[in-house]
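Summary of the model geometry
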Amino acid sequence: MKTQVAIVGGGPAGLLLSQLLDLSGIDSIVIERRSRDYVLGRIRAGVLEAGTVGLLREAGVSDRMDRDGQTHDGFEISWHDERLRIDLAGMTGKPVTVYGQTEVTRDLYTARDERGGEIIHEAEVVRIESTESDRPIVVFEKNGEEHRIEARFIAGCDGFHGPCRRAIPEGVRREFVREYPFGWLGLLSRSKPANSELIYAAHERGFGLCSMRSDAVSRYYVQVPLTEKLEDWPADRFWDELKRRIPVDVASQLQSDGEVLEMSVAPLRSFVSEPLRHGSLFLAGDSGHIVPPTGAKGLNLAASDIFYLHRALDAFFNSASNEGIVNYSAKALSRVWKSERFSWWMTSILHDFPEMNAFEKRMQKAEFDYLAQSEAAQRSLAENYVGLPY
Ligand code: APR
Ligand code: PHB
């Protein structure tokens, strides 16, 4: 098989890239290890920056998002019963859009089908060869047989556990990691959201988050120790714990009798791999970096990587310019590191860290009080939350 860009991974990053390339007249093949149903069964965050929304519109996949997505002009942070609203629209002129990542992925699949895009499912990439040449090769296994795709470029959109990052030689690659000593236990429920806007709740018992997917589907999280097992958390225990961490008047609005659609535990991690290009291989999305979910930046960062990568490949194939290719890693990383900083900071101020001493706990409370009293601090938070410019 031959193509211009071989895309490893059919998550949101890989699908968005294949769609944008197609609109620019560039061929690609997406190779995805899982089935489509499996990919669409993964529940992930649901807050889109204005930049992501713009890129999805450019990609022609925005009909459902524009119809069903919720425009949020602000969100709240609470500390026990004290509440603070961050006026995103008032401070930045931009809202965020609440629309599930699973739905974004579904819309991308629909669009690829409509344009006859080639996506090979249940095909596991096992090797990447010749990345330092201009004929790199992706080797994948499907139904027990090995296949090869020769491309001009390879886009590694294969998530944190995929093989592409490891195809960059160890002497060239540098990895930066921060692990957090807790995870988020999430519950998706068929119920009216407890509050019309998101609430990030800091509490001595640990962090809690009230989010939503629509007027009829809510998404909640509680911080848990990494040792916690899902089977120890029947829904009743989850609701009790969440109610203790969020302001009382919000807790009184919580509908805990709706059908539980999904529960899962996710660890929190900050991670960056440098560089994001080696020869003809690019990394984009979770394959190159991970953020803790506290700032809802995961998908949004994947989108900005894809923006830079699409522009670079378009200029290469359609205008014979190498510049975007050469600058991709530095450009993408500059934005990645700022989102890493923001996600790390949000995580640090809102969670209960087991190792924190009394002084550090006061520092967290002082962060909240400062934020509550300083318009400058709120503006900085808002600027990052709606998304820094590309
Ligand atoms: N061969 C083929 N596909 C692979 C392989 C492999 N060896 N390894 C991983 N994949 C696929 C995974 O099955 C997955 O569908 O790559 C895809 C990567 O998708 P995501 O993990 O969703 O990563 P990405 O597209 O970068 O999305 C970034 O979405 O996944 C969330 O938390 C993530 O919010 C972030 C954003
Ligand atoms: C979610 O709705 O799943 C969600 C929202 C905001 C976050 C993280 C997750 O910061």
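Thresholds, definitions, all that
Residues numbered from 1 in each chain as written. Chains lettered and ligands numbered in written order. Predicted model: local features only at pLDDT ≥ 70, side-chain atom pairs only at ≥ 80, totals over all residues. Heavy atoms only, no water. Domains from an automatic or database assignment. Contact = heavy atoms within 4.5 Å. Buried area = accessible area lost by both parts, 1.4 Å probe. Salt bridge = Lys/Arg side-chain N within 4 Å of Asp/Glu carboxyl O. Polar contact = N/O pair within 3.5 Å; in protein donor to acceptor, adjacent residues only side chain to side chain. Near = heavy atom within 4 Å. Helix = DSSP H or I, 4+ residues; strand = E, 2+ residues; numbered from the N terminus. Nonpolar A, V, L, I, M, F, W, Y, C, P; charged D, E, K, R; others polar. Buried < 20%, exposed > 50% of the residue type's maximum accessible area, 1.4 Å probe, protein only. Pairing = 2+ DSSP bridges. Axes fitted to C-alpha atoms, helices over the stretch in contact; angles between N-to-C directions. Parallel < 35°, antiparallel > 145°, perpendicular 65-115°, else oblique. Phe/Tyr/Trp six-rings, centres within 6.5 Å; stacked < 30°, edge-to-face > 60°. Lys NZ or Arg CZ within 6 Å of the ring centre and 35° of its normal.

Considering the domain arrangement of the chain
Under the domain assignment used here, the chain contains domain 1 (5-72 + 96-177 + 269-349) and domain 2 (182-268 + 353-386). The straight-line distance from the C-alpha centre of domain 1 to that of domain 2 is 28 Å. At the interface, 26 residues of domain 1 touch 23 residues of domain 2. Across the domain 1/domain 2 interface, buried area totals approximately 2100 Å², and carbon plus sulfur atoms make up 63% of it. Taken together, domain 1 and domain 2 are joined by zero salt bridges. One can count six residue pairs in polar contact (both at pLDDT 80 or more) joining domain 1 with domain 2.

Some thoughts on the site of ligand 2
Around ligand 2, a shell composed of 14 residues is seen, among which Tyr200, Ser211, Arg213, Tyr221 and Pro293 lie nearest. Residue Tyr221 places a side-chain N or O atom 2.6 Å away from an oxygen atom belonging to ligand 2. Contact distances for ligand 2 include 3.3 Å between an oxygen atom and a backbone N or O atom of Thr294. Mapped by element, the contributors of at least two residues to the shell around ligand 2 are strand S15 (208-212) and strand S16 (218-225).

Some words on the site of ligand 1
The immediate surroundings of ligand 1 are formed by 25 residues, with Glu32, Arg42, Arg44, Gln101 and Asp286 found nearest. Ala13 is positioned with one of its backbone polar atoms (N or O) 3.0 Å from an oxygen atom of ligand 1. Side-chain polar atom of Gln101 to an oxygen atom of ligand 1: 2.5 Å apart, as the coordinates give it. Contributing elements (two or more residues each) for the shell around ligand 1: helix H1 (12-23), strand S9 (124-129) and helix H9 (298-319). Its residues placed into classes, the shell around ligand 1 shows 10 nonpolar, seven polar and eight charged.

Looking at the environment of His203
By secondary structure assignment, the location of His203 is in the loop between strand S14 (199-202) and S15. Sequence separation of His203 and Asp352 is 149 residues, and the distance between their C-alpha atoms is 7.4 Å. Setting aside anything within four residues of it in sequence, one finds His203 in contact with His80, Arg244, Arg245 and Asp352. Engagement of the side chain of His203 in a polar contact is seen with the backbone oxygen of Arg244, the distance being 3.1 Å.

Some thoughts on the side chain of Arg219
Looking at where Arg219 falls in the secondary structure, it is placed in strand S16. The class for Arg219 is buried, based on a relative accessible area of 2%. Of note is the side chain of Arg219, whose polar atom sits 3.0 Å from the side chain of Tyr221. Reaching out from Arg219, the side chain makes a polar contact with the side chain of Glu262 at a distance of 2.9 Å. Contact partners of Arg219, with chain neighbours within four places excluded, come to Ile43, Gly186, Leu187, Leu188, Leu209, Cys210, Ser211, Met212, Arg213, Glu262 and Ser264.

Details of the sheet that holds strand S19 (residues 281-283)
The six strands lie next to each other as S8-S2-S1-S12-S19-S18, forming an open sheet whose pairing is mixed. Pairing within the sheet leaves two strands with one partner each, and these edge strands are strand S8 (118-120) and strand S18 (277-278). Where strand S1 (residues 5-8) and strand S12 (residues 153-156) come together, four bridges link them in parallel fashion. Bridging from a neighbouring strand, Val5 pairs with Phe153 of S12. Here H9 sits on the sheet in contact with S1, S12 and S19, set at roughly 175° to S12.

Let's talk about the packing of helix H11 (residues 358-373) against helix H12 (residues 375-386)
Two elements in contact, H11 and H12, have axes whose closest approach is 5 Å; the angle formed by their N-to-C orientations is 100°. The angle between H11 and H12 places the two elements in the roughly perpendicular class. Residues Tyr370, Leu371, Ala372 and Gln373 of H11 form the contact with H12, whose participating residues are Glu375, Ala377, Gln378 and Leu381. By residue class, the composition of the contact of H11 with H12 is five nonpolar, two polar and one charged.

Details of the sheet that holds strand S10 (residues 137-142)
Strands sit in the order S9-S10-S11 across an open sheet of three strands; the sheet is antiparallel. Two strands in the sheet have a free side with no partner beyond their single neighbour: S9 and strand S11 (145-150). Sheet twist, expressed as the mean angle between neighbouring strand axes with direction ignored, is 25°. Pairing analysis gives five bridges linking S9 to S10, with the strands arranged antiparallel. What sits directly across from Arg127, in S10, is Val139.

Focus: the packing of aromatic side chains
In this structure the tally under the stated criterion is 21 aromatic pairs. Each ring, one from Phe182 and one from Phe353, has its centre 5.1 Å from the other, and the planes form 80°; the classification is edge-to-face. Highlighted residues: Phe182 in strand S13 (residues 174-190) and Phe353 in the loop between helix H10 (323-350) and H11, separated in sequence by 171 residues. We note that Phe182, like Phe353, is buried. Ring-pair connections join several aromatic residues into one group, and the members of that group are Phe75, Trp184, Tyr200, Phe207, Tyr221 and Tyr385. Residue placement shows Arg34 over the ring face of Tyr38; its charged tip is 4.1 Å from the ring centre. A cation over a ring is seen here: Arg152 above Phe153, with NZ or CZ 4.3 Å from the ring centre.

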